[in-house]
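Structural overview for review
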Amino acid sequence: MAQWFSKYLLLFSCLVVLCYTTGLTALGEDEQENPLVVIEPFAVAWNQGKWEESLLRFLELSTEMQTASAHYFDLAGISKSSDVFEVVRNRSWRHIRDLLGAVDKQGGAQEMADLLPRLHRIQLVCTVTGMKPPPNSFQIIEKWRQRSHSRFKSDACFHNLKEALLQHDEKWAAEELASLRQIRLLDVRVQCETEVLLEESQERLQSELLGARQRVNPGSVLEICKRLEWLGKSSKMSHDMAHWARDELRRLASENMSSNREGQALLQLAKLIEEDGNINDVVGSLREKLSLTLRPRIVASETDLDEIPNEIHVLIPGAIEIERAVMDQNQKVTRRFEPVGRKWIRSPDHLADSKIWLDSLEEILLLKNRWLDTPVSESQAIIERLNFHVQSAQRLARRLAANPARRSRSIWELQSREVHGDVVRVKIYCPVALIDDVGREVWTAIECTEFLQPSQYKRVTLPVRISDCEKLEQQLRARIGLEIEKLADRWARGRLDETISKARILAQQGNRGAAMELLLPALIGAEDSDSDLRDIAAADLARWSGLGERAIRAALGRSETP
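The text that follows walks through the structure, step by step, so that each part is easy to find. (Residues numbered from 1 in each chain as written. Predicted model: local features only at pLDDT ≥ 70, side-chain atom pairs only at ≥ 80, totals over all residues. Heavy atoms only, no water.)

So, about unusual backbone geometry. Here His168, not a glycine, exhibits a phi torsion of approximately 60°, which is positive. Here His168 is to be found in the loop between helix H8 (137-166) and helix H9 (170-181). The exposure class of His168 is partly exposed, given its relative accessible area of 41%. Even without being glycine, Asn260 reaches a positive phi, approximately 65°. Structurally, the position occupied by Asn260 is in the loop between helix H12 (236-258) and helix H13 (262-276). For Asn260, a relative accessible area of 61% gives the class exposed. (Helix = DSSP H or I, 4+ residues; strand = E, 2+ residues; numbered from the N terminus. Buried < 20%, exposed > 50% of the residue type's maximum accessible area, 1.4 Å probe, protein only.)

Further remarks concern the environment of Leu165. Inspection of the secondary structure assignment puts Leu165 in helix H8. On the basis of relative accessibility, which here comes to 8%, the residue Leu165 falls in the buried class. When the C-alpha positions of Leu165 and Leu197 are compared, they lie 8.1 Å apart, and in sequence the two are 32 residues distant. Aside from chain neighbours lying at most four places away, what touches Leu165 is Ala173, Leu197, Ser201, Arg204 and Leu231. (Contact = heavy atoms within 4.5 Å.)

Time to look at the packing of helix H17 (residues 466-508) against helix H18 (residues 512-524). Contact pair H17 / H18: the axes reach a minimum separation of 8 Å and the direction vectors enclose 165°. Accordingly, the angle class assigned to the pair H17 and H18 is roughly antiparallel. Pair H17 / H18 crosses with left-handed handedness. In this structure, H17 contributes Leu496, Thr499, Ile500, Lys502, Ala503, Leu506 and Ala507 to the contact, and H18 contributes Arg512, Ala514, Ala515, Leu518, Leu519, Ala522 and Leu523. Here the residues of the contact of H17 with H18 sort into 11 nonpolar, one polar and two charged. (Axes fitted to C-alpha atoms, helices over the stretch in contact; angles between N-to-C directions. Parallel < 35°, antiparallel > 145°, perpendicular 65-115°, else oblique. Left-handed = near helix turned anticlockwise from the far one by under 90°. Nonpolar A, V, L, I, M, F, W, Y, C, P; charged D, E, K, R; others polar.)

This is how it looks when you write it as C-alpha cells:
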C-alpha cells in the first residue's frame, strides 16, 4: 500500500510540473517567472480601489497576463466575457468623475482644478498605448473644465459679496451680485446661500431705516433706501420712506433758504439732485453765491482795490530792489602742505636687510672654519648654528631680490596761498502787502540770494564779469513772480486750514449748523492743490450733515454725475 502511494505521488508531481511548464511556454518566452508575482501589483491596486494605478499596472502586463488577470474580475462579480481593458479603464474614468462630482460645491474650485489633469492623463495614456479612450471623453473633459471655470468665478464672486456685505459696501456688493448672476453654470446651492446673505442684509438695513426715520434724519433714510435698491431688495416700505425723506428735504431746504442758512439749503438740494438725477439751476446759483475765494488776488498797485470784493484777500507786490555786493576775500590766507617735487632715496629697509645679510655671511664663514677644527663632541652644535644662519641668509636674499633698493618719495613743504578774486553776492528783495477781508494789512517780503564765484582758467583766477551779474539778476527777477504765486498758494492753504479748525471747534460745541455754514463756502472756493485738506473737511461735512459723501460732492460741484 505504501509503495502504491509513493508511485501515485511521484506521478502527480510530474503531472503538476508538466502542466506548469506547458503554461509557461504558452505565456511566452519572456514570462519565465511566477504569473502570480507578475500580476501582483495589478491585483493589489485593484483590490485596494486604486483604479488609476490599476489601469497603469494593467497596461504594463503582456497580453497573456492581461487575460489571466480576468480572475480578479470574477471575484468582483464581473463576467469573464467582458473586455478586460474596458472594465479597468471605465472604473478609473468613473472614479475620477465621481470625485469631481463630490468636490463640485461651494469652495471646491481648487480641488476640481487638481482633479482635471487626471482625466487628461487617462485619455493621454489610452492614446499613447493605442487603446480606445472612454466614450465622449473630449466632451466630458470640456464639460468639467467649463464647470471648474464657473466654480472659480462663483467662488470669487461669492467671497467678494460676503466681504462687501460685511463692510456695508452695498454698491460693491451689487457689482459682485451682477457678476455672479451672469455665470452660466451657477450652482443652486450658491444661489440659495446668496439669497440668505441678501435677506440678512435686508433685515439689517430695514432696521437701520426704521432707526433713521425715528431720528427724523432724511439724509440717512435716502442713503439706506439707495443701499437697498443696489441689493435689489426695495420694498413698499422703503419707497414710502424715500418719498417722505425727499419731501422732508424740500421742506428743510425751503426753511433754510428763508432763514438765510443757504449752506445747509445747498447741501439738502444737492442730496435731492443726487437722488432724482434732475439738474437744478438753484444749486448752481447757490454754489456761486456761497463760493469763497481763499487764494488772494495779485494786483499791481492799490489803485485796483476798488474793483475787488471785500471778502477776497489782496496781494500787492512792491518795488523790486536789487543789491550787488562784492565780498572781499583777498585778505584770506591759507597755509597748508603741498607737494613740491619727488626724489629718489635709498630704501632704509633694504639697507638694513643688506647689513644683516652680510653679517650672516661672515658668521657662516667663521662657523665653517671653526667646524673644521672642532672635536666631534662639539661639531653637532656648530652644525645646527650654521644651518640657522644659512636659512636666515636665504630668507634675506629672497626679500632683497623682491624689493627695490631705491624708493621715490614726494617732497612736501608748507605753502602760504592767498585767494585772489572777489565773490559777488546778488540779492533781490521784494516787499509784499497782504490785505485781508477786514482791511488788515500784513507785510512780508520775498528774498532771493545767489553768489557768483570767480572762475579758474589754467591756474589763473578770473574775476566775475558784469555780464554774469546782469544775467543772474534777470533770472532772479523772473523767480520773483513764481515766489509770489507760491506765497498766494500758502496763504490760501493757511486760510483753509484755519477755517477747518474753527468749524471743528463749533461742531464740538454742538453747533453743527454754524460749522457747516462756515466750512462749506471755503470748500467750494478751495484750490485743487489743497485736495488733501478738502477731502478731509468734506468727510467731516458729510458726517455733520448726515447726507453722505455723494451729496457733499454734488454741493461742491465735484459730483461724478452731471
